[in-house]
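Observations on the model geometry
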Amino acid sequence: MISHNQTIAIVGATGAVGREALSILESRGHPAHKIIALASSRSAGTFLPYGDARLVVRELTHDAFAGVQVALFCATSDIAKLYANDALAAGALVVDNSSAFRADPRVPLVVPEINADAIGSHRLIANPNCSTIIMLLALQPLHERFGVSRIVVSTYQAVSGAGASAMDELREQAGSVLKGGTAKPKVFREQTAFNVFSHNASVNLETGLNGEEAKMISESRKIWGLPHLSISPTCVRVPVFRAHTQAIVVELGAPASLAAVRNAYQQAAGVRVIDDRAVNDFPTPLKATGRDEILVGRLREDPGEPAGAARRFCLLVAGDQLRKGAALNAIQIADVVAAAKREVA
Ligand SMILES: NC(=O)c1ccc[n+]([C@@H]2O[C@H](COP(=O)([O-])OP(=O)(O)OC[C@H]3O[C@@H](n4cnc5c(N)ncnc54)[C@H](OP(=O)(O)O)[C@@H]3O)[C@@H](O)[C@H]2O)c1
């Protein structure tokens, strides 16, 4: 774990991911005076609650990282590109939640339960896209045991994936519509309340893939080190505040029984199985909210597969994308680096 002596800067502390990072650090007892909350000039001088204390938000500047050992970037790609070098120059470990460095072959893209060894001596580490983390963690036990040759995934993504303002939008629209009023879209193009729509990331005019789908493909391939892995994603927003759900059809590298597939999850790190057919108890975003683990359930053979093939299985998955999909994963990366440092010392 990150030592309580280390000073941690949260860039974007006022945002959805930044606040989640603060909440995790608070629950671990990290001292308030060892946290520097950074955001835009708009938020400078405001306060964020932190246990019994409150943190003064400071404006992010190029010299904001003096004395910082860990910098968790929870802002946009532009901000990461502008300020990550300042944090590195100040000697900090940088873990970035944006997509700024994810595709850079010199920067490791890490889910600690899967590829912690990619960290090595790197000081700049990219946190993967939230949907990618959730999907890969759910499939990692099967990948380890049988190999994975193909994935078809449909996402049901919470609005908080688009930040704090998107949660406000859902709250306002739902209130207004329930009172008989209208919904005024601001963050999203479409009405959020009582609606389902294709993910808001921009769509590539040639491929037809939106940005979220493209990330799920390229980032999964990088993390698993499988440059030709076949993935067919469809990413969709649903009117849920928090935690993404995914329906996955996975084709294994080798035939398996359902019992063997279930068995693969018994000791799986970061995953919890909720799969009670008798009472219809399966993963939901509400069950996943605030939890560290990714929930996996509805495990079943693919009824569309030719008889006797036994390689395709269906799953329903839910994971808190603000937590394991972003803030927690970033903190766990810093934990791995801290533990490796202690081993060397
Ligand atoms: N939300 C998710 O589920 C999720 C999951 C995985 C990864 N991510 C990634 O994590 C990052 C943060 O996402 P989010 O959802 O937390 O966004 P958000 O709620 O919109 O928060 C954005 C944060 O960035 C800060 N910021 C904006 N402009 C700034 C500037 N010029 N200087 C300093 N700080 C500035 C904001 O500060 P002000 O309050 O002062 O504007 C705020 O703290 C994004 O790159 C996102 O793609 C998000």
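A quick note: this is a predicted structure, and the numbers were derived from the prediction, not measured.

Analysis parameters
Residues numbered from 1 in each chain as written. Predicted model: local features only at pLDDT ≥ 70, side-chain atom pairs only at ≥ 80, totals over all residues. Heavy atoms only, no water. Helix = DSSP H or I, 4+ residues; strand = E, 2+ residues; numbered from the N terminus. Rg over C-alpha atoms; globule rule 2.2 N^0.38 Å. Buried < 20%, exposed > 50% of the residue type's maximum accessible area, 1.4 Å probe, protein only. Contact = heavy atoms within 4.5 Å. Areas by Shrake-Rupley, 256 points an atom, 1.4 Å probe, with all protein chains shown as cover. Near = heavy atom within 4 Å. Polar contact = N/O pair within 3.5 Å; in protein donor to acceptor, adjacent residues only side chain to side chain. Nonpolar A, V, L, I, M, F, W, Y, C, P; charged D, E, K, R; others polar. Pairing = 2+ DSSP bridges. Axes fitted to C-alpha atoms, helices over the stretch in contact; angles between N-to-C directions. Core = buried A, V, L, I, M, F, W, Y, C linked by side-chain atoms within 4.5 Å. Domains from an automatic or database assignment. Buried area = accessible area lost by both parts, 1.4 Å probe. Salt bridge = Lys/Arg side-chain N within 4 Å of Asp/Glu carboxyl O.

1. Topic: the overall build of the protein
A count of helices and strands for the protein gives nine helices and 15 strands. Whereas a compact globule of 345 residues would reach a radius of gyration of roughly 20 Å, the protein reaches 20 Å, a difference of no more than 12%. With respect to the principal axes defined by its C-alpha atoms, the protein has extents near 65 × 60 × 45 Å. A total of 345 residues make up the protein; the buried ones form 51% of that total. Counted over contacts in the protein with a minimum sequence separation of 6, partners at least 24 positions apart contribute 64%. Element-wise, carbon and sulfur atoms account for 52% of the exposed surface of the protein, whose accessible area totals about 15400 Å².

2. Considerations on the site of the ligand
The environment of the ligand is formed by 26 residues, the closest being Thr14, Val17, Ser40, Ser43 and Ala75. Backbone polar atom of Gly12 to an oxygen atom of the ligand: 3.1 Å apart, as the coordinates give it. Backbone polar atom of Val17 to an oxygen atom of the ligand: 2.8 Å apart, as the coordinates give it. Where the shell around the ligand is concerned, the elements lending two or more residues are α1 (16–27) and α9 (323–344). In the shell around the ligand, the residues fall into 12 nonpolar, 13 polar and one charged.

3. Here we look at the sheet that holds strand β13 (residues 271–273)
Strand pairing in a sheet relies on backbone hydrogen bonds, with the paired strands running either antiparallel or parallel. With respect to topology, six strands assemble into an open sheet ordered β10-β8-β12-β15-β14-β13, the strand pairing being mixed. The open sheet has two free edges, formed respectively by β10 (230–234) and β13, since each of these has just one partner strand. Here the strands of the sheet are splayed against their neighbours by 25° on average, with no regard to which way each runs. Two strands pair when backbone bridges link them, and strand β14 (residues 294–301) and strand β15 (residues 312–319) are joined in this way by five bridges, in the antiparallel orientation. Across the sheet, Glu301 pairs through a bridge with Phe313, a residue of β15. The strands touched by helix α6 (residues 211–224) are β8 (148–156), β10 and β12 (244–252); relative to β10, the strand with the most contacts, the crossing angle is about 150°.

4. A short note on the nonpolar core
In terms of nonpolar packing, the biggest core is built from 59 residues, with Phe65, Phe73 and Ile151 touching the most fellow members. Here the element with the most residues in this core is helix α4 (residues 130–146); it accounts for nine residues. Residues from two domains meet in this core; each of domain 1 (8–128 + 325–344) and domain 2 (132–321) gives at least three. Leu72, Cys74, Leu93 and Ala334 belong to the second largest nonpolar core, which has 34 residues in total.

5. Points about the domain arrangement of the protein
In terms of domain boundaries, the protein breaks down into domain 1 (8–128 + 325–344) and domain 2 (132–321). Inter-centroid distance (C-alpha atoms) of domain 1 to domain 2 is 25 Å. If you look at the interface, domain 1 gives 20 residues, while domain 2 gives 18 residues. Of the roughly 1500 Å² buried between domain 1 and domain 2 on both sides combined, carbon and sulfur atoms contribute 65%. Counting the surface domain 1 buries against domain 2, the share from its top three residues, Glu113, Ile114 and Gly325, is 35%. Counting across the interface, domain 1 meets domain 2 through two salt bridges. A salt bridge links Arg102 to Glu219, with the nearest nitrogen and oxygen atoms 3.2 Å apart. Inspection of the region where domain 1 meets domain 2 yields eight residue pairs in polar contact (both at pLDDT 80 or more). Mapped by element, the contributors of at least two residues to the side of domain 1 that touches domain 2 are α1, α3 (112–115) and α9.

6. Description of the pattern of salt bridges
A full pass over the atoms with the stated rule returns 17 salt bridges. Ionic pairing is found between Asp281 and Lys287, a salt bridge with its closest N-O pair at 2.6 Å. Classification of Asp281 by relative accessible area gives partly exposed; the value is 29%. Among the charged side chains, a network of salt bridges with common partners joins Glu20, Arg242, Asp292, Asp320 and Arg323.

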